[in-house]
Amino acid sequence: SQQGEEDPQALSIQEGENATMNCSYKTSINNLQWYRQNSGRGLVHLILIRSNEREKHSGRLRVTLDTSKKSSSLLITASRAADTASYFCATEGFQKLVFGTGTRLLVSP
Amino acid sequence: EAGVAQSPRYKIIEKRQSVAFWCNPISGHATLYWYQQILGQGPKLLIQFQNNGVVDDSQLPKDRFSAERLKGVDSTLKIQPAKLEDSAVYLCASSLDSQMPYGYTFGSGTRLTVV
């Protein structure tokens, strides 16, 4: 079964705009991770946030985590056409990584 | 460092046939995972190995799926016999230690089509 649900399922923006994706989960976690998947390829690890952290930055990525609401968000600033991909949140607990349903992001030039 | 290697990249088989996938994790990574990703869904964990022992295979359909990790390095996932609903991408991933908060490194996957 999948732990996380992501919102929106699909997002279409113009280059230069910001993209925000949200993830909700159900059980307690050790950490939450975000992955990117280009069409037909494997997943690439983007960023990991521990359960005792509230916000983390990596380049143009900003992740927030609210364990009281069991939710996380991924913000991609100044998006580029190359950011077009599917983005998945994954929660780690009990030594198991469980993926959400994903958000398909389309960035148009 | 070299990434996670998987083969074959694509496979088309008829239902009731058997198929095997191979994975070579990153050198030194103790934990290896097989995920199944059906089109339009997120990956679902099938089995997790710690060295050559099984940690979790609760979602592996054991009547038709089997997996092994010889000598704690390479791993093979087998389906016998295949069903139409097994059509999916099979992803292998490895991590340094399942008890530490590291991201996983994924291979490019094997796309299986059962006709």
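Since we're looking at a predicted model, the values are computed, not measured. (Residues numbered from 1 in each chain as written. Chains lettered and ligands numbered in written order. Predicted model: local features only at pLDDT ≥ 70, side-chain atom pairs only at ≥ 80, totals over all residues. Heavy atoms only, no water.)

Draft legend 1. Examining the side chain of Glu-92 of chain A more closely. Residue and element names in this part refer to chain A. Checked against the element boundaries, Glu-92 lands in strand β9 (residues 85-93). Notably, Glu-92 is buried but unbridged: the nearest opposite-charge side chain belongs to Arg-50, and the N-O separation is 9.1 Å. At a separation of 2.8 Å, a polar atom in the side chain of Glu-92 contacts the side chain of Asn-31. Of note is the side chain of Glu-92, whose polar atom sits 3.3 Å from the side chain of Gln-33. (Helix = DSSP H or I, 4+ residues; strand = E, 2+ residues; numbered from the N terminus. Buried < 20%, exposed > 50% of the residue type's maximum accessible area, 1.4 Å probe, protein only. Lys, Arg positive; Asp, Glu negative; His and termini not counted. Salt bridge = Lys/Arg side-chain N within 4 Å of Asp/Glu carboxyl O. Polar contact = N/O pair within 3.5 Å; in protein donor to acceptor, adjacent residues only side chain to side chain.)

Draft legend 2. Quick peek at the sheet that holds strand β8 (residues 75-79) of chain B. Residue and element names in this part refer to chain B. Taken together, the four strands give an open sheet; going across it, the order is β1-β3-β8-β7, and neighbouring strands pair in antiparallel fashion. The open sheet has two edge strands, β1 (5-7) and β7 (65-69), and neither has a second partner. Averaged over all adjacent pairs, the angle separating strand axes in this sheet is 15°, with direction ignored. Judged from the five bridges that link them, β7 and β8 form a sheet pairing that is antiparallel. The residue bridging Glu-68 from the neighbouring strand is Thr-76, located in β8. (Pairing = 2+ DSSP bridges. Axes fitted to C-alpha atoms, helices over the stretch in contact; angles between N-to-C directions.)

Draft legend 3. Structural context of the state of the cysteines. Enumeration according to the criterion identifies two disulfides over all chains in this entry. Between the sulfur atoms of Cys-23 of chain A and its disulfide mate Cys-89 of chain A the distance is 2.0 Å. On the S-S bond that ties Cys-23 of chain A to Cys-89 of chain A, the torsion sits near 65°, and the link is right-handed. Here Cys-89 of chain A lies in strand β9 and Cys-23 of chain A lies in strand β3 (residues 19-24), a separation of 66 residues in the sequence. Take Cys-23 of chain A and Cys-89 of chain A: they sit in the same class, and that class is buried. The partner cysteine of Cys-23 of chain B in its disulfide is Cys-92 of chain B, sulfur to sulfur 1.9 Å. Handedness here is read from the sign of the S-S torsion; for Cys-23 of chain B and Cys-92 of chain B, about -65°, the answer is left-handed. Here Cys-92 of chain B lies in strand β9 (residues 88-95) and Cys-23 of chain B lies in strand β3 (residues 19-24), a separation of 69 residues in the sequence. When its relative accessible area of 0% is taken as the criterion, Cys-23 of chain B is described as buried. (Disulfide = S-S within 2.5 Å.)

Draft legend 4. Geometry of the side chain of Thr-103 of chain A. Within the secondary structure, Thr-103 of chain A sits in strand β11 (residues 103-108). Ignoring any residue separated from it by four or fewer positions in sequence, one finds Thr-103 of chain A in contact with Glu-6, Asp-7, Pro-8, Gln-9, Leu-11, Met-21, Ala-85, Ser-86 and Tyr-87 of chain A. (Contact = heavy atoms within 4.5 Å.)

Draft legend 5. Structural detail: the sheet that holds strand β1 (residues 5-7) of chain A. Residue and element names in this part refer to chain A. The strand order across the open sheet built from five strands is β1-β3-β8-β7-β6, with neighbouring strands paired in antiparallel fashion. Only two strands of the sheet have a single partner each, and these edge strands are β1 and β6 (55-58). Neighbour to neighbour, the strand axes of the sheet diverge by 15° on average, direction disregarded. Of the strand pairs in this sheet, β6 and strand β7 (residues 61-66) are connected by four bridges, and their pairing is antiparallel. Across the sheet, the residue bridging to Ser-58 is Leu-61, located in β7.

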